[in-house]
Every structure is written in structure tokens, then in C-alpha cells.
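Summary of structural features
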Amino acid sequence: GAAGMAGAGGNPAVKCGDNAIRAKTQWTASASDECAPTCTDPNGPFTAALAIDADVGTRFATGKKQAGGEWLQVDLGAVGTVNRVTLNTTSATDYTRHYQVRVSNTSGDMAGQVLADGDGATGTSTINLSKTVNGRYVLISQTGNVGAATSWWSVNDLTISCQ
């Protein structure tokens, strides 16, 4: 690479201070499926926005069994430097069975590089990305499959950071 550039592709080294992540109140969330607005669960709706409301007493939920292909995306509102995603799921059955995390400057970028890939768990899962990257959109795909119709994908709280 050129002077001051890393690797053969010339990608600059990214540090946590490069692009500070905006306050969570400036983020927006969307999802492939959410239990809203006609959710049959009496405790719903469970919109994507509830995953980023900083309240573990609320939650985002798909409203259907995990079949793979579901996604939850957070728009940081501007490019931020990211290397960690933390998911909190209080349900014993509604945690992601398998996830993939991508960070991009393009909304819905399913073709982007997978920066983390693993099995989910109930409670708090800290997901360290394979590298520190700059991007506006953080896309979490739920790629697992669950036979039980009551095992939705739920996220009580999601945090995106650079550590």
C-alpha cells in the first residue's frame, strides 16, 4: 500500500477516534420482521425502535419463529467507527440462534463483509468484530433456525461502540 496506508488494498488504519458514534437517541432501527402493528401478543407491539431505546424492559421481536434470514439494522445517523455490538435478550427462548454482523455505508447491505459470526445466547452477548471499521449502518442477521413457533428473535437492548 501507499505510505500511511495499510495492506495491499490501501485501506487506512482505523482507530476508535476516527469517527465518534452519535448518541443513541440519534439512531434509528428497522427490521425485516417485527411484531407490529397488528401483533397478536398482548404485550406488543415490539418494534425495531425498542431495541435501541436504552430500556431493557422493552424489546424488539420478530413475532414469528426464527427461520433464518431475519435482520435488524441500526442507522447511526452518520458514519461512526465500530468494533463492538452488545445484544441483551432477557427471554430464555427468544435469543438469536446464530448471527452475522455487517457494517456498511449502504443500507441493507447483505453482500457486505461479515465482521462477526456466532451463536447467540440469552442474557448479554458482547460481539467483538474481526476489525475496527467505519460505517453508518450496522446490520445484524439472524441466520439460525428454530422449530418452536414461540421462539421469536428478540432484542431488549442493543449497543454499538468502539472499544
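Note on numbering: residues in each chain are counted from 1, in written sequence order. Totals for whole chains, interfaces and linings use every residue, but because this is a predicted model, local features are given only for residues with pLDDT of at least 70 and side-chain atom pairs only at 80 or more, for both listing and counting. To get the side-chain values, all heavy atoms of the structure are used, and hydrogens and water are removed first.

With respect to the pattern of salt bridges
Rules: By definition here, a salt bridge exists when the distance from a side-chain nitrogen of Lys or Arg to a carboxyl oxygen of Asp or Glu is within 4 Å. Only DSSP runs of H or I reaching four residues or more are called helices, and only runs of E reaching two or more are called strands; each is numbered from the N terminus.
Evaluation of the coordinates by the stated rule reveals 4 salt bridges. Put simply, Asp 157 and Lys 24 hold a salt bridge, and the shortest N to O gap is 2.9 Å. In this pair, Asp 157 is assigned in strand E8 (residues 157-161) and Lys 24 in the segment before strand E1 (28-31), connecting sequence segments 133 residues apart. Across the pair Arg 136 and Asp 75 runs a salt bridge whose closest N-O atoms are separated by 2.7 Å. Of the two residues, Arg 136 sits in strand E6 (residues 123-142) while Asp 75 sits in strand E3 (residues 70-89), which places them 61 residues apart along the sequence.

A look at the environment of Tyr 95
So the rule is basically this: Note on contacts: a residue pair qualifies if any of its non-hydrogen atoms lie within 4.5 Å across the two residues.
Its location among the elements puts Tyr 95 in the loop between E3 and strand E4 (99-104). With residues up to four places along the chain from it excluded, the contact list for Tyr 95 reads Gln 66, Thr 89, Gly 120, Ala 121, Thr 122, Trp 152 and Trp 153.

Some points on the packing of aromatic side chains
Applicable threshold: Note on aromatic contacts: the rings of Phe and Tyr and the six-membered ring of Trp form a pair at centre separations within 6.5 Å, being stacked when their planes are under 30 degrees apart, edge-to-face when over 60 apart, and tilted otherwise. The classification of residues rests on relative accessible area computed with a 1.4 Å probe and restricted to protein chains. Under 20% of the type maximum is buried, over 50% is exposed, and intermediate values are partly exposed.
The full count for this structure, using the stated rule, is 2 aromatic pairs. A ring pair is formed by Phe 46 and Trp 152, whose centres lie 6.2 Å apart and whose planes are at 65°; its orientation type is edge-to-face. With Phe 46 in the loop between E1 and strand E2 (60-61) and Trp 152 in the loop between E6 and strand E7 (154-155), the pair connects residues that are 106 residues apart, well separated along the chain. For the residue pair Phe 46 and Trp 152, the accessibility class agrees, reading buried in each case. Between Phe 60 and Trp 153 the ring centres are 5.6 Å apart and the planes differ by 85°, which places this aromatic pair in the edge-to-face class. Here the residue Phe 60 occupies a position in strand E2, and Trp 153 occupies one in the loop between E6 and E7, the gap between them amounting to 93 residues.

Overview of the side chain of Ser 151
Relative to the helices and strands, Ser 151 is located in the loop between E6 and E7. With near-sequence residues (within four places) excluded, Ser 151 lies in contact with Lys 64, Lys 65, Gln 66, Thr 93, Asp 94, Arg 97 and Val 146.

A word on the confidence of the model for the protein
Let me state the cut-off plainly: The predictor's confidence in any single residue is recorded as pLDDT, a number from 0 to 100.
Averaged over all residues, the pLDDT of the protein equals 89, while 90% of them reach at least 70. Every residue in residues 1-11 is under pLDDT 50, and counting partners more than four places away or in other chains gives 8 contacts.

Looking at the state of the cysteines
Worth spelling out the cut-off: Only a pair of cysteine sulfur atoms within 2.5 Å qualifies as a disulfide here.
Enumeration over the complete set of coordinates arrives at 1 disulfide. Paired through a disulfide, Cys 16 and Cys 162 show a sulfur-sulfur distance of 2.0 Å. On the sign convention where negative is left-handed, the bridge of Cys 16 and Cys 162, at about -80° about the S-S bond, is left-handed. In this pair, Cys 16 is assigned in the segment before E1 and Cys 162 in the segment after E8, connecting sequence segments 146 residues apart.

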